[in-house]
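# Overview (structure and organization)
The chain contents come next:
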Amino acid sequence: LAVTSVIPASGFAGCANYQADYSVDGNTIQVSNLTGGAAGTTSADCTGAGPILDQDARYRKALQSAATYELSGPHLTFYTEDGSIAVTYLAISAVE
């Protein structure tokens, strides 16, 4: 993972968009200032969507628990302090 400029991470957490700052040093990563999501200001209308709200909250919590990362082929995996998998991403090709 090469960080060449400071660009906030952003994405969709299941219910709403989120944005977060991050810092990388070697294979360590720290996610901070997570905003948005179901509890934030950029949320979509997820009223009454209990399972989706739960998914959104679990994902944001997992993202914030990241302590280290590993990039292996198309997989980017974030691990917690105790070495458990927090989040795994799979790179896909854009559809044209």
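Our subject is the structure that appears above.
We now turn to the structure provided with this report. Everything numeric here is computed off the predicted structure, so don't read it as measured data. (Residues numbered from 1 in each chain as written. Predicted model: local features only at pLDDT ≥ 70, side-chain atom pairs only at ≥ 80, totals over all residues. Heavy atoms only, no water.)

Taking 1.5 Å per residue as the helical rise, helix H1 (residues 50-64) with its 15 residues ought to reach 21 Å, and the 21 Å between its terminal C-alpha atoms agrees with that figure. Of all the residues in H1, the buried ones are Asp56, Tyr59, Arg60, Ala62 and Leu63. For H1, the buried positions fall inside an angular range of 160° around the axis, keeping them on one side. When the buried face of H1 is taken as reference, the exposed residues oriented beyond 90 degrees from it are Pro51, Arg58 and Lys61. (Helix = DSSP H or I, 4+ residues; strand = E, 2+ residues; numbered from the N terminus. Expected span 1.5 Å × (residues − 1). Buried < 20%, exposed > 50% of the residue type's maximum accessible area, 1.4 Å probe, protein only. Arc of directions from axis to C-beta.)

With that settled, consider the environment of Val31. One can find Val31 in strand S3 (residues 28-36). Residue classification places Val31 among the buried residues on the basis of a relative accessible area of 12%. Placed 22 residues apart in sequence, Val31 and Ala9 show a C-alpha to C-alpha distance of 8.8 Å. Those residues in contact with Val31, other than ones at most four positions away along the chain, are Ala20, Asp21, Tyr22, Leu63 and Gln64. (Contact = heavy atoms within 4.5 Å.)

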